[in-house]
Amino acid sequence: MKDKMRKLGRTFNWLIVLAVLSLLIPLNALAAPPAQEITCEVQYIVQADDWLSKIADKYFGNPAAYPAIVQATNQKSESDAAFAQVSDPNLIEVGWMLCVPDEETTQVLLEGTAVSPVGTEGTTYAEEVVIGVGRNLYYGHTSIEVIHNSLQVWEPLIYPDENLNPQPLLATDWESNDDATQWTIYLREGVYFHDGTLLTADIAVANLEKDLAEYPIATLDRIEAVDDYTLNIYLTGSTPTLPNLLANYASAMLSPATWEQEGVDIPIPFGSGPFKFEDYVDGEKIILVRNDDYWGQPAQTERIVYRYIPDANTRLLALQSGEIDAIADVGSIMPSQGQIVEADEDLNLLLQDVVTTHYLFFNNDKPPFDNQALRQAVSMAIDRELIVNEAIYGYGVPAVSNITQLATGWVNPQAEPEYDLEQARTLAASVLGDEPESVTFVLSSSLANRWPYGEIAQIVQYTLADLGLDVEIQTVEAGTWNEMLANDEYDMSMRPYTLSSGDPDDFMSYWVRSDGIFNEKYSISYSDQEAEDLVAKALVDVDVEARRAYYDELQLLLKEQVPFTPVYHEATLYATRDNVYGLSLDPIFKPSLTTVYKIVE
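Residues numbered from 1 in each chain as written. Predicted model: local features only at pLDDT ≥ 70, side-chain atom pairs only at ≥ 80, totals over all residues. Heavy atoms only, no water.

Q: Help me understand the overall build of the chain, please; the structure alone is not making it clear to me.
A: The secondary structure content of the chain amounts to 19 helices and 24 strands. Compactness check: the chain gives a C-alpha radius of gyration of 25 Å against a globular reference of 25 Å for 601 residues, within 12% of the reference. With respect to the three principal axes, the spread of C-alpha positions in the chain is 80 × 55 × 55 Å. Counting the 601 residues in the chain, one finds 59% classified as buried. A total of about 23,200 Å² of accessible surface is found on the chain, and carbon and sulfur atoms cover 45% of it. The chain carries 33 positive and 94 negative side-chain charges, and their two centres are separated by 3 Å. (Helix = DSSP H or I, 4+ residues; strand = E, 2+ residues; numbered from the N terminus. Rg over C-alpha atoms; globule rule 2.2 N^0.38 Å. Buried < 20%, exposed > 50% of the residue type's maximum accessible area, 1.4 Å probe, protein only. Areas by Shrake-Rupley, 256 points an atom, 1.4 Å probe, with all protein chains shown as cover. Lys, Arg positive; Asp, Glu negative; His and termini not counted. Charge placed at Lys NZ, Arg CZ, Asp CG, Glu CD.)

Shown next, in the form of structure tokens:
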């Protein structure tokens, strides 16, 4: 299965090109294959109101083929400074010189992607693409954002690139004072929300105050508007990674009208994104329409429909029958379904490593897992490679740390969980003696319908029997699961977590601090002063190497104390029908909705 995953990775590697087109990922690394000589059919000078898709449509007959222009231009710029360096396909400037490659070069540049290199005369493009997912992405009044970021109705000030580095979106730039206790953020001008309201610094401040109440930053003092398009963030201590911590949900921007819908059954999220919210049918679907006044590059498709299909088998059947056009979200195709999709000639199976890690966590506050030695025994007894190979079918990575393996600059390889069944038996015996202990492993059915948690729980159950632990698996609906965990009615459980900012504080503040959101919400009840001190020091130290040393130490401490333990890092499967093009996911599983299109057969 690992060979299969590598094969999929090679086959679909170029799909990354498509993901970056709408997600502000730097493209300078996406050069054409070294052996390919770049020939420019046209040296194009960007005019007012030009878009890359518009240029691609003019010369290729297919607006979605503009990655070829980006790649060709960037490669030409390496040897000829007259050509532009395109780092953001949404933001090309008047006067730039672009390389429009000839047909042969275009074919090579787009080889292996889900983009048709040139348009076909008489081709009809569908007005609508239907995407199936395994969770409800409309939150309504239960969330300040109302709707999930994947739907691209709203946008944040900052969004991470494929290397998890913060990139400007509705912000254009930022800077700090010498000790990083004050940050100035500059806003993009001329951005309008879907209700016609202009984005200003006052509105951005109001949004950030709401965002950071929901996603707190420990050092936050206050936020103030400086002028119409500038704001300052003041902090009580150095916070060198503030741009990372503001990425995505922590800097979500919506029109104030979004919050003025008390009593409305289906509140509308008035964002600034490439799609507008049109309708929500409770528990069934979300309908989005293209924002033709979008400040960036307009979407290819007029309407996107998200279908909520909670059962994994029903989702796949809907794709196979053509009822939906794609399945594209983290945890929406079960690993066991990968072979089925791959064998279907009408479907395309795709793969993306994402920053999601799946954790086994303990109730540290009551027997038997209030005992550190027993938690260590459980972690040591788990064969993570076996779980990935058997339950995940090779579509994942055995956990290397509590931090996702994609955050390469922060992972401490010495903190990798060990598999040592003999030592696990010894530790368990030192705690339990000859008396078996009953424990409850509680699973959420909504999570188990998106990932093979049931199969993983059975592997853990079988393994822990060898340690003298009699594991009872209980699978309950999501609301009951949350209640049981909040009320201490469990011994162990599982859930995923996504390091969407790319910064370790994202995880550590939520899971390690005694007042951390997940530590409290799930009654993990982990409390250790040394760990809390390390979290606090790592957050405020302006020296990168010092921060890395703190996090290295913290990862080792968590490996020793095991309040929770990582099981595997996610590799997300997603799929399209063979007449759907231009769809990809980024490492935070955000789909490229602006580039997706469907050809009517």
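Q: Just to check I follow, could you spell out the environment of Glu111 for this structure?
A: Checked against the element boundaries, Glu111 lands in the loop between α5 (103-109) and β3 (124-125). Glu111 sits in the exposed class, given a relative accessible area of 55%.

Q: Can you walk me through the pattern of salt bridges in this structure?
A: Two side chains that carry opposite charge are able to pair once their charged atoms sit near each other. Per the stated rule, a full pass over the model turns up 14 salt bridges. Salt-bridge contacts for Arg303 lead to Glu128; the nearest nitrogen and oxygen are separated by 2.7 Å. Within this pair, whereas Arg303 is found in strand β15 (residues 303-308), its partner Glu128 is found in strand β4 (residues 128-133), the two being separated by 175 residues in sequence. Exposure remark for Arg303: the relative accessible area of 22% places this residue in the partly exposed category. (Salt bridge = Lys/Arg side-chain N within 4 Å of Asp/Glu carboxyl O.)

Q: Looking at this structure, how should I read helix α14 (residues 453-465)?
A: Helix length check: α14, at 13 residues, gives a terminal C-alpha distance of 18 Å against a target of 18 Å (1.5 Å per residue), a fit within 8%. Taken residue by residue, α14 has Tyr453, Ile456, Ala457, Ile459, Val460, Thr463 and Leu464 as its buried positions. Looking straight down α14, one finds its buried side chains confined to an arc of 160°; they lie on one side. Away from its buried face by more than 90 degrees, α14 exposes Gln458, Tyr462 and Ala465. (Expected span 1.5 Å × (residues − 1). Arc of directions from axis to C-beta.)

Q: Would you take a moment to explain the side chain of Ser77 for this structure?
A: Note that Ser77 resides in helix α4 (residues 67-79). With relative accessibility at 15%, the residue Ser77 sits in the buried group. The residues touching Ser77, leaving out its near neighbours within four places in the chain, are Phe83, Ala84 and Gln85. (Contact = heavy atoms within 4.5 Å.)

Q: Is there a simple way to think about the sheet that holds strand β24 (residues 597-600) in this case?
A: In sheet architecture, strand pairing relies on hydrogen bonds along the backbone and comes in two forms, parallel and antiparallel. Strand order in the open sheet made by the 3 strands is β3-β24-β23, with antiparallel pairing throughout. On the outer flanks of this sheet lie β3 and β23 (580-581), each paired with one strand and no other. Judged from the 2 bridges that link them, β3 and β24 form a sheet pairing that is antiparallel. Counterpart to Thr124 in the pairing with β24 is Val600. (Pairing = 2+ DSSP bridges.)

Q: Looking at this model, I keep getting lost on the nonpolar core. Mind explaining?
A: Ile286, Tyr306, Met492 and Trp511 are the most contacted members of the largest nonpolar core, which totals 159 residues. If you tally residues by element for this core, the top one is strand β17 (residues 347-362), at 10 residues. Among residues more than four places away in sequence, those in contact with Met492 are Leu360, Phe361, Phe362, Phe369, Val378, Val439, Thr440, Phe441, Val442, Val460 and Leu464. Ranked by size, the runner-up nonpolar core spans 24 residues in total, among them Tyr44, Tyr66, Ala72 and Leu110. (Core = buried A, V, L, I, M, F, W, Y, C linked by side-chain atoms within 4.5 Å.)

Q: Explain the side chain of Gln261 to me, please; I cannot follow it from the model alone.
A: Tracing the backbone through its elements, the reader meets Gln261 in the loop between β12 (252-253) and β13 (275-281). A distance of 3.1 Å separates a polar atom in the side chain of Gln261 from the backbone oxygen of Thr258. The contact partners of Gln261, leaving out residues within four places of it in the chain, are His141, Pro267, Ile268 and Phe270. (Polar contact = N/O pair within 3.5 Å; in protein donor to acceptor, adjacent residues only side chain to side chain.)

Q: Help me understand unusual backbone geometry in this model?
A: As a rule of thumb, non-glycine residues mostly have phi less than zero, and peptide bonds are mostly trans rather than cis. A cis geometry characterises the amide bond from Pro367 onward to Pro368, with omega recorded as 0°. Mapped onto the fold, Pro368 is located in the loop between β17 and α10 (372-381). In this model, Leu164 sits at a positive phi of 70°, which is unusual for a non-glycine residue. With respect to the secondary-structure elements, Leu164 resides in the loop between β6 (158-160) and β7 (166-168). One non-glycine residue, Asp488, adopts positive backbone phi at about 70°. Take Asp488: it is sitting in the loop between α15 (478-486) and β21 (492-498).

Q: Quick question: what am I supposed to make of the sheet that holds strand β10 (residues 220-227) here?
A: With antiparallel pairing, the 4 strands of this open sheet are ordered in space as β8-β9-β11-β10. Edge positions in the sheet fall to β8 (171-176) and β10, since each has one partner strand and no second. For this sheet the average axis-to-axis angle between neighbouring strands, irrespective of direction, equals 20°. Summarising the sheet, β10 and strand β11 (residues 230-235) pair through 6 bridges and their orientation is antiparallel. The residue bridging Leu220 from the neighbouring strand is Leu235, located in β11. Relative to the sheet, helix α6 (residues 201-214) contacts β9 (182-187), β10 and β11, its axis offset from that of β10 by approximately 165°. (Axes fitted to C-alpha atoms, helices over the stretch in contact; angles between N-to-C directions.)

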